[in-house]
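A structural walkthrough
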Amino acid sequence: MACKIKDILKDKNPHISFEIFPPKTDAGYESVLSAAEKIAALKPSYISVTYGAGGGTSKNTVKIASQIKELGVTSLAHLTCVSSTREEVHKVIDELKKQGIENVLALRGDKPKDTEFPLPGQYKYAYELVEDIKSQGDFCIGAACYPEGHVETEHKKDDIINLKNKVDCGVDFLTTQMFFDNNILYNFLYRIREKGIMVPVLPGIMPITNASQIRRSAELSGATFPQRFLAILDRFGDNPEAMKQAGIAYATDQIIDLIANGINHIHVYSMNKPEVAEAIMRNLSEIVTAS
């Protein structure tokens, strides 16, 4: 199935997309593919496949994205440029074209902590990657945005200026970093629309299904946790099955509120957990239209 996400986003019916990540070793490839097959069976609007910076898990991103496409579901391949030379990125872009993958999420990625950045021949900003992808073929290009501000940007207004620059370089849609209070998103949308950023924005929802995800999520995204969520963690954090059920319910509640407020396309950071994706789709069975 070949379909550009920017065309899917024109549909006014509610749709959900999901995300998986490639295995850290080749031994885990089959289990990841099995998870992708189970999530594909739920008929999401698309499935995105993450990309490990510096070649960690990146070699399988294109391969898995291609196999998702063969399952009849639109695929979105992440492409992270940090720690990669332009030559290395061009090889990945060539492979995407060979496999008929039309959708790319262009990301800079986290700066390496112990090395100089950027080295000669590397990208410094995501907008440079967007420009490069745009020049290499007819791709639908997505990018990331940060409702609570990028962790490296001191002032939110500067973050929005940077985002506008990135979008103007050829971004077709944006996906937000995770957030746990929908009012943060609504306020963010108001501020970016006011600055002329008019491309579709997909909220990124992370179902927190175990207590250990909390610290990691906060470190990666800078997300804040509302008191309502912290109460759930406090009550159920030591009971894995109860926390899983409560985390899925909380994410479902966020999604229902977003759809009720006219946001029709939502991305779920389900990662390699088909049971989480299935539970969310079951909770939304009369709300979401299968694509």
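Along strand 9 (residues 265-268), one buried face is formed by His-265 and His-267 and the opposite face, lined by Ile-266 and Val-268, is buried too. Here 4 bridges tie strand 1 (residues 15-20) to strand 9, and the two strands are oriented parallel to one another. For Phe-18, the partnering residue across the bridge sits in strand 9 and is Val-268. In this sheet, strand 9 lies alongside strand 8 (residues 204-205) in parallel orientation, the contact comprising 2 bridges. Each residue of the ladder has a partner; that of Gly-204, found in strand 9, is His-267.

Okay, the environment of Lys-134 next. Mapping Lys-134 onto the fold places it in helix 5 (residues 126-136). Exposure remark for Lys-134: the relative accessible area of 39% places this residue in the partly exposed category. For the pair Lys-134 and Gly-170, spaced 36 residues apart in the sequence, the C-alpha separation amounts to 6.7 Å. Contacts of Lys-134, omitting those with residues within four sequence positions, involve Phe-139, Ile-141, Cys-169, Gly-170 and Asp-172.

Turning our attention to the packing of helix 7 (residues 182-194) against helix 10 (residues 240-260). Two quantities define a packed helix pair, namely the angle between the helix axes and the distance between the axes. Contact geometry for helix 7 and helix 10: axes closest at 10 Å, N-to-C directions at 35°. When you trace helix 7 past helix 10, the crossing you get is right-handed. Contacts from Asn-182, Leu-185 and Tyr-186 in helix 7 reach Gln-254, Asp-257 and Leu-258 in helix 10. Taken together, the residues of the contact of helix 7 with helix 10 break down into 3 nonpolar, 2 polar and 1 charged.

This part takes up the layout of surface pockets. The volume enclosed by the second largest pocket comes to roughly 260 Å³. Considering the residues around the second largest pocket, the lining is formed by 13 residues, among which Pro-200, Val-201, Ile-263, Asn-264 and His-265 are closest to the centre. Elements with a minimum of two residues in the lining of the second largest pocket: helix 7 and strand 7 (201-202). Of the residues assigned to the lining of the second largest pocket, the class counts are 6 nonpolar, 4 polar and 3 charged.

Thresholds applied
Residues numbered from 1 in each chain as written. Predicted model: local features only at pLDDT ≥ 70, side-chain atom pairs only at ≥ 80, totals over all residues. Heavy atoms only, no water. Buried < 20%, exposed > 50% of the residue type's maximum accessible area, 1.4 Å probe, protein only. Helix = DSSP H or I, 4+ residues; strand = E, 2+ residues; numbered from the N terminus. Pairing = 2+ DSSP bridges. Contact = heavy atoms within 4.5 Å. Axes fitted to C-alpha atoms, helices over the stretch in contact; angles between N-to-C directions. Left-handed = near helix turned anticlockwise from the far one by under 90°. Nonpolar A, V, L, I, M, F, W, Y, C, P; charged D, E, K, R; others polar. 1 Å grid on protein atoms, 1.4 Å probe; cavity = no way out; pocket = protein on both sides within 12 Å on 5 of 7 lines; lining within 4 Å. Points joined across faces, edges and corners; volume = space filled by probe spheres on them.

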